[in-house]
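# Understanding the architecture of this molecule
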Amino acid sequence: KQWYQRRVAITAGERNMEDLIENYVPESTELSDITETLELSKDFIKRLRIRQLLPQIKDVSSGLPQEDEVSDQGSDNGTDDSLDHFDFGLIINKLPNLAELSITYGVRNCGMNFEWSLFEFTQKDCSLLAKAVKSCTHLQILRLQRCQIEDEKARLIISHLLDHPGLRVLDLSHNRIGDKTGRAVGKLLSVNKILEEVNLCDNTIQAEGASAIAFSLKKNSTLQTLNLKLNRIGDEGGRNICQALMKTSTLLHIDLSSNGLGEHVAANLAEVLSHNQSLEHIIISCNKLGVAGGRVLQEGLENNRVLKTFDLRLTEISQQSEHSIMNVIKSNKEKDNNSISV
């Protein structure tokens, strides 16, 4: 009963703080509600999931257009002046047990009031958040999803995380980052000794960025999950990632789906399947591996005893190869279940 009451208190404190932050308007809303709530619930807040951040209200007297005066052209091109959001530095150091911070810079349900500026992660936002995250040494999970983050801002955030003593999960999925951020992530992997998961899904990383990540992955001994789904790494990036997978012994899960990979990468991946004894989950769907690629993957998997998930949907391999591969996966799962039950 005491555990349940504590859990209720933690959840209530977290949700209350989330609501206050999500409805805070810079320079318009008083901070008193947030500071009062913070004083009461700071010891109970372990996770903050911010689903929206409201921007500063435009100053009509300065000549900036009001909502109903914004032209269609201005909204479509994103040419409106930048508007800043809530400064997390005001609270983050006062939350001694905060372990997870998830933020989306944008406005929910804006409807006909849509403007690009409502979804902009400004340079000031980036600078303030980077400093706040760096100072929160007990933070373990940082998620910045759907924030329209570009390379310059992503690199600034990562530069503040290089010597972070607690970060285990970094999620920059569904943004606009490319090869420069890929190189920054590679540097992070080379110096950070506790990072376990990196999610870069749905970005614009190409071969150069993927190769930088692969180079650091060879020497990294902590990363367990790498998600590069919906990027553009191509065959060159795929080959370099596979070469890294030959060297790593800690990675358990990798997602390379929808990356423009072809038959040549299938051959590299088959070699990985023959030698790597740590990978348990591979997702490579929506790539044109072809019939020949399916055959080499089938051959490479013959002596593999650890892989438990192999997603090959929409890869143009033959049904025969897919059936044989799934039989091996099923056998691996059954052996693993039997070993656990014993």
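Worth saying up front: this structure is predicted, and the values here are computed from it rather than measured.

So, on to the sheet that holds strand E7 (residues 253-255). The parallel open sheet is built from nine strands, whose spatial order is E1-E2-E3-E4-E5-E6-E7-E8-E9. For this open sheet the edge positions go to strand E1 (47-50) and strand E9 (309-311), each flanked by a neighbour on one side alone. Going from strand to strand, the sheet's axes swing by 5 degrees on average, the running direction of each strand aside. In the sheet, strand E8 (residues 281-283) pairs with E9 via three bridges, with the strands oriented parallel. Bridge pairing in E9 links His281 to Thr309.

Side chains bearing opposite charge may pair, as long as their charged atoms lie close to each other. Considering all chains together, one arrives at 11 salt bridges under this definition. Between Lys42 and Glu39 there is a salt bridge, with the nearest N and O atoms lying 3.7 Å from each other. Residue classification places Lys42 among the partly exposed residues on the basis of a relative accessible area of 28%. Several salt bridges share partner residues, and in doing so they unite Arg49, Glu100, Arg143 and Asp171 into one network.

Turning our eyes to something else, we now look at the pairing of strand E2 (residues 100-103). Residue alternation in E2 divides its side chains into two sets, Glu100 and Ser102 and Leu101 and Ile103, and both sets are buried. Relative to E2, E1 is paired through four bridges, and the arrangement is parallel. When the sheet's bridge partners are listed, Arg49 is paired in E2 with Ser102. Bridge count between E2 and strand E3 (residues 141-144): four bridges; the pairing is parallel. Along E3, the bridge assignment pairs Ile103 with Leu144. For the crossover from E2 across helix H4 (residues 123-135) to E3, the handedness is right-handed.

What follows is about the packing of aromatic side chains. Per the stated rule, a full pass over the model turns up five aromatic pairs. With a centroid separation of 4.5 Å and 55 degrees between ring planes, the pair formed by Tyr105 and Phe121 is classed as tilted. Highlighted residues: Tyr105 in the loop between E2 and H4 and Phe121 in the loop between E2 and H4, separated in sequence by 16 residues. A network of ring pairs unites the aromatic residues Tyr24, Phe86 and Phe88 as a single cluster.

Criteria and thresholds
- Residues numbered from 1 in each chain as written.
- Predicted model: local features only at pLDDT ≥ 70, side-chain atom pairs only at ≥ 80, totals over all residues.
- Heavy atoms only, no water.
- Pairing = 2+ DSSP bridges.
- Helix = DSSP H or I, 4+ residues; strand = E, 2+ residues; numbered from the N terminus.
- Axes fitted to C-alpha atoms, helices over the stretch in contact; angles between N-to-C directions.
- Salt bridge = Lys/Arg side-chain N within 4 Å of Asp/Glu carboxyl O.
- Buried < 20%, exposed > 50% of the residue type's maximum accessible area, 1.4 Å probe, protein only.
- Right-handed = clockwise from strand over helix to strand, strands pointing away.
- Phe/Tyr/Trp six-rings, centres within 6.5 Å; stacked < 30°, edge-to-face > 60°.

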